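# Chain and residue survey
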Amino acid sequence: MEWTSRRQRFRAVLGGERCIHPASVHDPVSARLATDLGFETAILAGSVASLAVLGAPDLIVLTLTEFAEQALRINRAGAPPLLVDADHGYGNALSVMRTVQELETAGVAALSIEDTLLPAPYGGGPARLISLEEGVGKMKAAIAAREDPGLVIFARTSALAISGLNDAVSRVRAFSGLGVDGIFLIGAKTRAEIEAMRAVTDLPFVLGGTGGELADTEWLAAHGVRLALQGHQPFQAAIAALHATMKALRDGTKPSELQGLASAALAKQVTRESDYARWTTDFLGGG
């Protein structure tokens, strides 16, 4: 099965010695572009999925069903091995089990479950974490629900950004002993923080962002970081391109004078037109 191959390729990245940047994808076309450009892996973030499916901000109003369906569309189109941000697992530990089952069936290569208190509770206030005990229960549930041992499960913690280094170390140490395949760190800003995490686990890391002294991928690779996200600029660029094109048309620009459009060749490439032409000949008796 192709899902198995993609999971094997993702695990090869985790078992390698490089730190790579995954492509941020949101739909079948962006997935195919990532494949054609040679990205080893891709990521579907919860925030990007919410924008692509609902046109809504990242407030956990997207449902698990909608998220899994979008992941399936991306995988079916031929994406690189796909990591998905499964947020908090859409509920408690039992919901986490359902989340793992649905996303495994959708063909993802890897997923992360985080320890942030989501959705935002009544009364607002700053971001909070669930207790370590609840987080451990969620990670155990995720492992128990996995049917394909090739599926990669990351424990994701935002402790560095919310509760500080000491709590982050405690959470990474606890999560690392549960059978997860790696640690997804949000909020890391310094090499000292990465070194503190590395002191309590040998598991590979995913970083939710890089910059400053963490921009050196060779240093990151030497300290166990295998994936480093760069943000989700492709979707933002798509918004800008759509806005500019629609505005130009609304302002009276002739279609023949529009700038920045995909070439006919690129449009045929991302729709796999040559494949459909061959299938039309082979299965429909002609072109």
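The paragraphs below set out a description of the structure included in this document. (Residues numbered from 1 in each chain as written. Predicted model: local features only at pLDDT ≥ 70, side-chain atom pairs only at ≥ 80, totals over all residues. Heavy atoms only, no water.)

Next up on the list: the pairing of strand E8 (residues 225–228). When strand E7 (residues 205–207) meets E8, the two strands line up parallel, connected through three bridges. Among the inter-strand pairings, Val 206 is bridged to a residue of E8, identified as Leu 227. Crossover handedness for the path E7 to helix H10 (residues 217–222) to E8: right-handed. (Pairing = 2+ DSSP bridges. Helix = DSSP H or I, 4+ residues; strand = E, 2+ residues; numbered from the N terminus. Right-handed = clockwise from strand over helix to strand, strands pointing away.)

The next thing to look at is empty space enclosed by the protein. Under the definition given, this model contains one cavity of 30 Å³ or more. The volume enclosed by the largest cavity comes to roughly 40 Å³. Taken together, Gly 46, Ser 50, Asp 58, Leu 59, Ile 60, Val 61, Leu 62, Asp 87 and Tyr 90 make up the lining of the largest cavity. For the lining of the largest cavity, a count of residues per class yields five nonpolar, two polar and two charged. (1 Å grid on protein atoms, 1.4 Å probe; cavity = no way out; pocket = protein on both sides within 12 Å on 5 of 7 lines; lining within 4 Å. Points joined across faces, edges and corners; volume = space filled by probe spheres on them. Nonpolar A, V, L, I, M, F, W, Y, C, P; charged D, E, K, R; others polar.)

What follows deals with a nonpolar patch on the surface. A contiguous nonpolar surface patch, about 330 Å² in accessible area, is contributed by Val 53, Leu 54, Leu 59 and Val 61. Here Leu 54 shows up in helix H3 (residues 46–54). (Patch = residues over 30% accessible without salt bridge, like charges linked within 9 Å, V, L, I, M, F, W, Y side chains within 5 Å. Areas by Shrake-Rupley, 256 points an atom, 1.4 Å probe, with all protein chains shown as cover. Salt bridge = Lys/Arg side-chain N within 4 Å of Asp/Glu carboxyl O.)

Turning our eyes to something else, we now look at the environment of Ala 241. Mapped onto the secondary structure, Ala 241 falls in helix H11 (residues 233–250). Between the C-alpha atom of Ala 241 and that of Cys 19, which follows or precedes it by 222 residues, the distance is 30 Å.

When you line up the elements, Asp 115 lands in the loop between strand E4 (110–114) and helix H6 (132–145). Polar contacts involving the side chain of Asp 115 include one to the side chain of Thr 157, which spans 2.7 Å. A distance of 3.1 Å separates polar atoms of two side chains, one belonging to Asp 115 and the other to Arg 171. In this view, Asp 115 contacts Leu 129, Ile 130, Arg 156, Thr 157, Ser 158, Arg 171 and Phe 175; residues no more than four positions away in its chain are not counted. (Polar contact = N/O pair within 3.5 Å; in protein donor to acceptor, adjacent residues only side chain to side chain. Contact = heavy atoms within 4.5 Å.)

In short, shape yes, function no, at least from these values alone.
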